[in-house]
Amino acid sequence: MLIPASGGMELSWTAQALWRIVEDWVVGGLVDRRQFLAISGSGLTAVVAHYLDGTAGHGRYLAQPTADTSEASLIEQIESQLPRLQALDDEHGGARHLGYIGAQFRSIGFLLHESGHSDAVTARLLQALAEVGQLAGWMAFDAAHHGLAQRYFVTALRAAHQVNDLPLCAHILADLSFQAASRDHPADAITLGEAARRASDAAPAAVRASVLSRLAFAYSTAGRYADFQRSRSLAGELVDQPLTGYEPRWMYFLTPNHLDCQAGYALIHLGMSRQQDGITAKARTLLGQGIDLLATGAHSRSNKAAHQRRALFEGAWLALGNSAQGDLESACQIGEIATQRLSTVRSPRSTELLRRLAVDLRRRQRNPYVRSFLPGLEHALCTTNRS
């Protein structure tokens, strides 16, 4: 059954409405055969409209210690799993373990669906639902299940709203912005990114930096170079500050280099757009800047190092940038390293970049580096399609 990702999500922002959405996730379970169509424009903004005008109000619950020892033990077990679940995504990509993460999300939903919890227990379960839902949304996005990703993100946003976790709300809105930008919907990306920036005003510095970096990417996809540079600069200033106070555990991935690499592929995206428009001098400058930034990242890590999905994604972008710049030797050498990761990392979002690289290289098969590399790339892509 094909239904829009917004189906059943256009409800009031009350706890009662959230219970209805959670029940739909729980009842669906393993027999759910629905296919969710990604939404954009007014359909997308409608399901997050509560956060678009900066007056979202307050949720029902506040985080507080849990007095009941038996329930506290169960919730602590759920919470302790979160870093391990994030590691699965980092190492193997979103597609490999999406079903497992979805089962974890539904199990928390099932616990919420049971009655009789104290407000303290309910608040902690909602917090866990929001964090696992954000991760499930990110993994579904990485797996190119965009409608499913939007449903996870919106459910997680509603759960975070109910426990008044504005930093997490901002983070999820920024994820939705990044997804929209990656799908070439720059207007949606900017609307969502600017909403995330407003929601993050009182958040810790790392959260604000991450939100601004996602907004910068949104501006880059719209060709708004000055806005991109301003947001990127503000993000860099924030992440360079000494940490003061609490930083959410889900911001573990943010480093100055992560921001540099995100700016790197944004610049490559901008450069390739300028190149297509025939603005060649500006394109070469942007491509060169992006390549220099991405060259400092994870693309050359060994296959046994951490964060393999990031290494694949950044390597694919770096190979594309070098190909666009005309450096086919570097494009093929970097592309070869990225291609080797396809045997262990299932990230259709990254694989699509390698497909774009293959399309670009097919026009240049007179080059000896291309003739040597391209058959292996196409074989790996074909094998990935069948797995």
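Heads up: these notes are all about the structure in this document.

Let's talk about the pattern of salt bridges
- In this structure the tally under the stated criterion is 14 salt bridges.
- Among the ionic pairs, Arg 309 bridges to Asp 142, the shortest N-O distance being 3.3 Å. Taken as a pair, Arg 309 in helix H13 (residues 308-325) and Asp 142 in helix H5 (residues 119-142) lie far apart in primary sequence, 167 residues in all.
- When its relative accessible area of 8% is taken as the criterion, Arg 309 is described as buried.
- Assessed through its relative accessible area of 0%, Asp 142 is described here as buried.
- Linking Arg 364 and Asp 360 is a salt bridge whose minimum nitrogen-to-oxygen distance equals 3.7 Å.
- Taking the relative accessible area as the measure of exposure, Arg 364 reaches 22% and is therefore partly exposed.
- Residues joined by salt bridges that share partners form a network here, namely Asp 89, Asp 142, Arg 309 and Arg 349.

Digging into the nonpolar core
- Of all hydrophobic cores here, the largest spans 125 residues; its most connected members are Leu 173, Trp 317 and Leu 354.
- With 14 residues, H5 is the single largest residue contributor to this core.
- Aside from chain neighbours lying at most four places away, what touches Leu 173 is Val 48, Tyr 51, Leu 157, Leu 192, Ala 195, Ala 196 and Ala 199.

Details of the packing of helix H10 (residues 225-239) against helix H11 (residues 256-276)
- Interhelical geometry of H10 versus H11 gives an angle of 170° and a closest axis separation of 10 Å. With respect to H11, the axis of H10 lies roughly antiparallel. Where H10 abuts H11, its residues Tyr 225, Phe 228, Arg 232, Ala 235, Gly 236 and Val 239 lie against Pro 256, Leu 259, Asp 260, Ala 263, Ala 266, Leu 267, Leu 270 and Arg 274.
- Tallied by class, residues from the contact of H10 with H11 come to 10 nonpolar, one polar and three charged.

A look at unusual backbone geometry
- You will see that Asn 164, though not glycine, has its phi angle at about 60°, which is positive.
- Inspection of the secondary structure assignment puts Asn 164 in the loop between helix H6 (146-162) and helix H7 (166-182).
- Although it is not a glycine, Asp 184 sits at a positive phi angle of roughly 60°.
- The topology assignment puts Asp 184 in the loop between H7 and helix H8 (186-199).

Quick look at the environment of Leu 37
- Relative to the helices and strands, Leu 37 is located in strand E2 (residues 35-37).
- For Leu 37 and Arg 301, which are 264 residues apart along the polypeptide, the C-alpha to C-alpha distance reads 36 Å.
- Not counting the four nearest positions on each side in its chain, Leu 37 is found in contact with Leu 2, Ile 3, Pro 4, Ala 5, Gly 147 and Gln 150.

Focus on helix H12 (residues 280-294)
- Given a rise of 1.5 Å per residue, 15 residues ought to cover 21 Å, and the 21 Å separating the end C-alpha atoms of H12 matches this to within 8%.
- Within the sequence span of H12, burial applies to Ala 283, Leu 286, Leu 287, Gly 290, Ile 291, Leu 293 and Leu 294. Buried residues of H12 fall within an arc of 160° about the axis and therefore sit on the same side. Exposed side chains of H12 directed beyond 90 degrees from the buried face belong to Ala 281, Arg 284 and Asp 292.

Things to note about the environment of Leu 129
- Structurally, Leu 129 is set in helix H5.
- With 108 residues separating them in the primary sequence, Leu 129 and Glu 237 have C-alpha atoms 32 Å apart.
- Apart from the residues lying within four places of it in its own chain, the contact partners of Leu 129 are Val 22, Phe 105, Ile 108, Gly 109, Leu 112 and Ala 159.

Points about the packing of H13 against helix H15 (residues 348-362)
- Remark: H13 packs on H15, axes separated minimally by 9 Å, with the N-to-C direction vectors making an angle of 20°. Taken as axis vectors, H13 and H15 run roughly parallel relative to one another. Crossing of H13 over H15 shows left-handed handedness. The residues of H15 that touch H13, namely those facing Arg 309, Leu 312, Phe 313, Ala 316, Trp 317, Ala 319, Leu 320, Ser 323 and Ala 324, are Arg 349, Ser 350, Leu 353, Leu 354, Arg 356, Leu 357, Asp 360 and Leu 361.
- Of the residues in the contact of H13 with H15, the class split is 11 nonpolar, two polar and four charged.

Focus on H11
- For H11, spanning 21 residues, the distance from its first C-alpha to its last is 30 Å, which sits close to the expected 30 Å at 1.5 Å a residue.
- Counting buried positions over the 21 residues of H11 gives 15, a clear majority of the element.
- Just downstream of H11, Gly 278 is the residue with a positive phi angle, here 85°.

Description of the packing of aromatic side chains
- All told, the structure shown has 13 aromatic pairs when counted by the stated rule.
- Plain terms: the ring middles of Trp 13 and Tyr 51 are 5.7 Å apart, the flat faces sit at 65° to each other, and that makes the pair edge-to-face. Taken together, the residues Trp 13 in the loop between strand E1 (2-4) and helix H1 (15-28) and Tyr 51 in the loop between helix H2 (42-47) and helix H3 (69-92) connect sequence positions 38 residues apart. As far as burial versus exposure is concerned, Trp 13 and Tyr 51 are alike and both buried.
- On the basis of an interplanar angle of 85° and a centroid distance of 5.9 Å, the ring pair of Tyr 252 and Phe 253 is categorised as edge-to-face.
- Given a relative accessible area of 38%, Tyr 252 falls into the partly exposed group.
- A connected cluster of aromatic rings, assembled from ring pairs, spans Trp 138, Phe 141, Phe 178, Phe 217, Tyr 265, Phe 313 and Trp 317.

Rules used throughout
- Residues numbered from 1 in each chain as written.
- Predicted model: local features only at pLDDT ≥ 70, side-chain atom pairs only at ≥ 80, totals over all residues.
- Heavy atoms only, no water.
- Salt bridge = Lys/Arg side-chain N within 4 Å of Asp/Glu carboxyl O.
- Helix = DSSP H or I, 4+ residues; strand = E, 2+ residues; numbered from the N terminus.
- Buried < 20%, exposed > 50% of the residue type's maximum accessible area, 1.4 Å probe, protein only.
- Core = buried A, V, L, I, M, F, W, Y, C linked by side-chain atoms within 4.5 Å.
- Contact = heavy atoms within 4.5 Å.
- Axes fitted to C-alpha atoms, helices over the stretch in contact; angles between N-to-C directions.
- Parallel < 35°, antiparallel > 145°, perpendicular 65-115°, else oblique.
- Nonpolar A, V, L, I, M, F, W, Y, C, P; charged D, E, K, R; others polar.
- Expected span 1.5 Å × (residues − 1).
- Arc of directions from axis to C-beta.
- Left-handed = near helix turned anticlockwise from the far one by under 90°.
- Phe/Tyr/Trp six-rings, centres within 6.5 Å; stacked < 30°, edge-to-face > 60°.

By themselves, these figures tell us nothing about what the structure is for.
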